[in-house]
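Descriptive structure summary
Spelled out, the chains give:
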Amino acid sequence: MSLPVDIIKSIKNVVGKQKHHLHEPLFFGNEIKYLKKTIATNLVSSVGPFVKKFEDQITKFTRSKYAISVINGTEALHLSLVACGVKNNDEVLVPTITFVGTANAIVYSGAIPHFVDSETETLGIDPLKLEKYLEKITIKKGKFYFNKKTKRRIRAIIPVHVFGNICQIDRILKIAKKYNLLVIEDAAEALGSFSKNKHAGTFGIVGCISFNGNKILTTGGGGAIITNNKLLAKKIKHLSTTAKINHRWEYIHDAVGYNFRMPNLNAALGSAQIENLNKFLRSKKKLFQRYCKEFLKVNEVRLIKNPEFSKSNNWLNTIFIKNSSIKKRNKVLSLAQKTQIFLRPVWKPLHQLKHFRSMPKMNLENAKRIYISCINLPSSSHYFFDEKL
Ligand SMILES: Cc1ncc(COP(=O)(O)O)c(C=O)c1O
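Report on the accompanying structure. Predicted model, so just to flag it, every value in this text is computed and none were measured.

It is worth spelling out the side chain of Asn366 at this point. Here Asn366 lies in helix α12 (residues 365–373). Looking at Asn366, the relative accessible area reads 18%, which means it is buried. Among the polar contacts listed, one links the side chain of Asn366 to the side chain of Asp126, at a separation of 3.4 Å. Excluding anything up to four places from it in sequence, Asn366 contacts Asp117, Ser118, Glu119, Thr120, Asp126 and Lys129.

As C-alpha cells, then:
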C-alpha cells in the first residue's frame with residue numbers, strides 16, 4: 001500500500017470512517033446556562049461577574065497569581081510586549097514555526113521579529129542552535145545585548161509551546177538569562193500542559209493563552225495573560241481597559257490604552273468550558289495513546305511526542321513523515337481531503353511570508369524540514385470523551 005493510504009487507514013482505525021475536522025469545540029456542560037444568565041442580566045460586555053470568575057478559574061488551574069482575560073491570544077501577546085516595555089526598533093526572537101499572530105504581535109508593538117529555528121522533536125525553539133547563534137551575532141553594551149549587524153537591541157524572546165508540547169523551556173530560560181532577554185511565553189495552544197508540574201506560560205515573565213474556537217477550550221474568541229508579577233498584572237489590566245481611571249462618572253484615561261478586555265458573554269462560555277478541562281485532557285490523552293499504537297505500524301512515520309520532562313495537553317496530534325518532500329506531504333493531504341478527513345500541515349515558516357522576508361533570521365533548516373514533514377491529525381476532545389470520568 002502507498003504511504004497516503006496507510007496514513008488514512010491508520011487515522012480511520014482510531015477515529016472512525018466518518019467526516020473529520022482537525023479540531024472541533026465540545027459543549028456539554030453549563031455553557032447555555034451561563035450564557036442565558038449573562039443575557040438575562042444584560043451584562044454582555046466587559047463588565048460582569050463571569051470575567052472575574054473566569055480569571056479566577058484560570059489562575060487556579062495554571063497556579064499563576066494573576067490572569068487578565070482579553071479578546072484573543074494575539075492581542076494577549078501584543079499587550080504583554082507593550083506592558084513589558086518592548087519598543088520601536090527592539091528585536092524580539094521568535095520561532096519561524098509558529099502561528100502568524102505571534103510575529104504580528106511583535107510588529108504591532110513596533111519591534112522587529114528576529115526568526116530562530118526549531119527542533120524536530122518538540123517543534124519548539126532549538127536551544128543549542130539559539131545559543132551558538134547569539135554568541136556569534138551579539139555584542140554586549142553595558143547590561144544589554146545588541147545585534148552586531150543591525151545595531152538594534154535584542155530585547156525579548158517568545159518561546160512557543162507548539163500544538164501543546166512543552167518546548168525546551170529550561171534551556172531557553174538559561175539562555176535568556178545570559179543575554180538579559182525578557183521571556184514572553186506563547187502558550188496559546190498549551191492550556192493544560194505542564195513541565196515538571198509547572199504550567200505552560202508560568203516560566204516567563206508573562207504567558208499568553210488563546211481560547212479561539214479551535215483550542216482545547218473556547219470562549220468563541222478570547223485570550224488570557226497569566227503572570228506572577230503584581231505590578232505587571234495591574235499595568236496589563238489597566239492598558240487592556242483603555243487605560244481608564246476609576247471614577248463614578250468621568251471618562252479619564254492616563255495613557256493610550258487598548259479596548260482589549262474580554263466581554264462577559266465570552267467569559268461565561270469560558271467559565272463553563274474550564275469546569276470540564278480535566279475531562280477534555282483525559283479524552284485527548286486517550287486519543288494520543290491510540291494514535292501512538294496505530295502509527296507504530298507505519299514505518300515511514302513517527303508521532304511527535306512530548307518530552308519526558310513534560311506533560312502535554314495533546315491539543316493537536318502530529319505525524320512526522322521521514323524523508324518527506326512537499327510532494328509527498330501534499331499527496332497525503334489531498335487524499336485525506338477526498339475522504340473527508342481535513343488534515344492540515346504546520347504553518348508555512350514565517351520568514352518565507354512576503355512581509356517577513358526582510359526580517360533578521362538565522363539558518364532555518366530544521367523549520368523547512370518540519371514544514372514539509374509534519375501533518376496534524378484530527379484531534380477533537382469528543383472522540384474518547386467520557387462525561388463520567
Ligand atoms: C501559537 C499561537 N500563537 C498565537 C495564537 C493567537 O491566538 P488567537 O487566535 O486567539 O489570536 C495562536 C492561535 O491561534 C497560536 O496557535
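Turning next to the layout of surface pockets. Put simply, the largest pocket is a space of about 820 Å³. Lining the largest pocket are 25 residues, with Lys237, His238, Thr241, Asn246 and Arg261 positioned closest to its centre. Contributions of two or more residues to the lining of the largest pocket are made by α3 (49–62), β1 (66–70) and α8 (230–240). Here the residues of the lining of the largest pocket sort into 7 nonpolar, 9 polar and 9 charged. Residue lining of the second largest pocket: 30 residues in total, with Phe99, Glu189, Asn214, Lys215 and Trp347 positioned closest to the centre. Put simply, the parts of the chain that give the lining of the second largest pocket at least two residues each are α4 (73–83), α5 (100–108) and β15 (344–345). The greatest single-element share of the lining of the second largest pocket, amounting to 3 residues, is contributed by α4. Looking at the lining of the second largest pocket residue by residue, the classes come out as 13 nonpolar, 13 polar and 4 charged.

So, how was this worked out
- Residues numbered from 1 in each chain as written.
- Predicted model: local features only at pLDDT ≥ 70, side-chain atom pairs only at ≥ 80, totals over all residues.
- Heavy atoms only, no water.
- Helix = DSSP H or I, 4+ residues; strand = E, 2+ residues; numbered from the N terminus.
- Buried < 20%, exposed > 50% of the residue type's maximum accessible area, 1.4 Å probe, protein only.
- Polar contact = N/O pair within 3.5 Å; in protein donor to acceptor, adjacent residues only side chain to side chain.
- Contact = heavy atoms within 4.5 Å.
- 1 Å grid on protein atoms, 1.4 Å probe; cavity = no way out; pocket = protein on both sides within 12 Å on 5 of 7 lines; lining within 4 Å.
- Points joined across faces, edges and corners; volume = space filled by probe spheres on them.
- Nonpolar A, V, L, I, M, F, W, Y, C, P; charged D, E, K, R; others polar.

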